[in-house]
Amino acid sequence: MDLSVVGEVAVEAQLYEDAFAIFKKFNLNVQQVNVLLDNISSIEWAVEFAFRVKEDAAWSQVAKAQLREGFVSEAIESFIRVDDATQFLDVVRAAQDADVYYDLVKMKACMSMQRLYLPLFLTGPSWLAHSSSFKQFQGAVDAARKANSSNKWKEVCFAFVDVEEFRLAQICGLNIIIQYDEFDNAATTIINQSPEAWDHMQFKDVAVKVDNVEQYYKAVHFYLEEHPDLINAGPLLLVKPYMVAVQSNNVTAVNDALNEIYVED
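The model shown is predicted, which means the values in this text are computed figures rather than measured ones.

*Asks:* An account of the packing of helix α6 (residues 72-81) against helix α7 (residues 88-98) is requested, with residue identities and associated values reported.
*Replies:* Contact geometry of α6 with α7 gives a least axis separation of 10 Å together with a crossing angle of 150 degrees. The orientation of α6 relative to α7 falls into the category roughly antiparallel. Considering how the two elements wind past one another, α6 and α7 form a crossing that is left-handed. Here V72, I76 and F79 of α6 come into contact with α7, specifically with V91, A94, A95 and A98.

*Asks:* I'd love a proper account of the environment of S42, names of residues and values included.
*Replies:* Along the chain, S42 turns up in the loop between α3 (29-39) and α4 (43-53). Sequence separation between S42 and A65 is 23 residues, and the spatial gap between their C-alpha atoms is 9.9 Å. Beyond its immediate chain neighbours, meaning those up to four positions away, S42 contacts L36 and L37.

*Asks:* Pulling in residues and values, what's your account of the nonpolar core?
*Replies:* In terms of nonpolar packing, the biggest core is built from 18 residues, with V33, A46, W59 and V62 touching the most fellow members. Put simply, the parts of the chain that give this core at least two residues each are α1 (4-12), α2 (16-25), α3, α4 and α5 (56-68). Not counting the four nearest positions on each side in its chain, V62 is found in contact with V33, L37, A46, V47, A50 and S78. If you look at the next biggest cluster of nonpolar residues, it comprises 16 residues, including V91, V92, A95 and M107.

*Asks:* Explain unusual backbone geometry to me, using residue names and the numbers behind them.
*Replies:* Despite not being glycine, S41 has its phi angle at roughly 60 degrees, a positive value. With respect to the element layout, S41 can be found in the loop between α3 and α4. Unusually for a residue other than glycine, K54 sits at a positive phi of about 55 degrees. Within the secondary structure layout, K54 lies in the loop between α4 and α5.

*Asks:* Provide a residue-level description of the packing of aromatic side chains, including the pertinent values.
*Replies:* In the structure shown here, the tally under the stated rule is 2 aromatic pairs. On the numbers, 4.8 Å between centres and 90 degrees between planes, the contact of F51 with W59 is edge-to-face. One residue, R81, lies across the ring of W59, its end atom 4.7 Å from the ring centre.

Parameters and conventions
- Residues numbered from 1 in each chain as written.
- Predicted model: local features only at pLDDT ≥ 70, side-chain atom pairs only at ≥ 80, totals over all residues.
- Heavy atoms only, no water.
- Axes fitted to C-alpha atoms, helices over the stretch in contact; angles between N-to-C directions.
- Helix = DSSP H or I, 4+ residues; strand = E, 2+ residues; numbered from the N terminus.
- Parallel < 35°, antiparallel > 145°, perpendicular 65-115°, else oblique.
- Left-handed = near helix turned anticlockwise from the far one by under 90°.
- Contact = heavy atoms within 4.5 Å.
- Core = buried A, V, L, I, M, F, W, Y, C linked by side-chain atoms within 4.5 Å.
- Buried < 20%, exposed > 50% of the residue type's maximum accessible area, 1.4 Å probe, protein only.
- Phe/Tyr/Trp six-rings, centres within 6.5 Å; stacked < 30°, edge-to-face > 60°.
- Lys NZ or Arg CZ within 6 Å of the ring centre and 35° of its normal.

Structure, rendered in structure tokens:
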């Protein structure tokens, strides 16, 4: 028999104290806290109860109730306590209404970046506009990169366009191209739009996957012209992995360059 049924019968009969006692007898903590929240309507008692039983599910119920009743800062503290990000979009909207953005920063600091940032930055331009004050834009890019989905990149890209963060929007756009295996186009775009689009690690990841041998030569020239400080052991060593990758194409210039490196080694 489902022991919670007995307590639910007492709830339906509005015998709330009896229901609470029944749930307590069988250690049904979530049902107990729900009686305090939904029937007795005491968030204060529910908080005291959650502290006493130390059960994550009970704290989650308390946090949701605090959020519904407009106790946004308190709700955020409760969600943080049990690492519960399931209601984060509702928390963002409530924080906007209550003007408690600092508490959202605390929530971000205490929880997984990937779990929080992506839903945060897909809520729309209004939240992005507020976020600019504490420079959280890069977190959305990092979260979209972890999600590794062209749809997520598109959503974040459009959100950045809406708030005129065009450099970050362009980074998202490049990743959309990469999602569709257009590595040659992505490399060309990065080189041509380098002041806004270039990122050293991203460019290396793209360049090693291009199909057109000419792109490798362009990569060498690009680094010699714009980022010579990143060439620690000479331009040939910089692109050695790329040349090895295309050696099977039997390009004379590539073969000669590799031979030169091997002789020096």
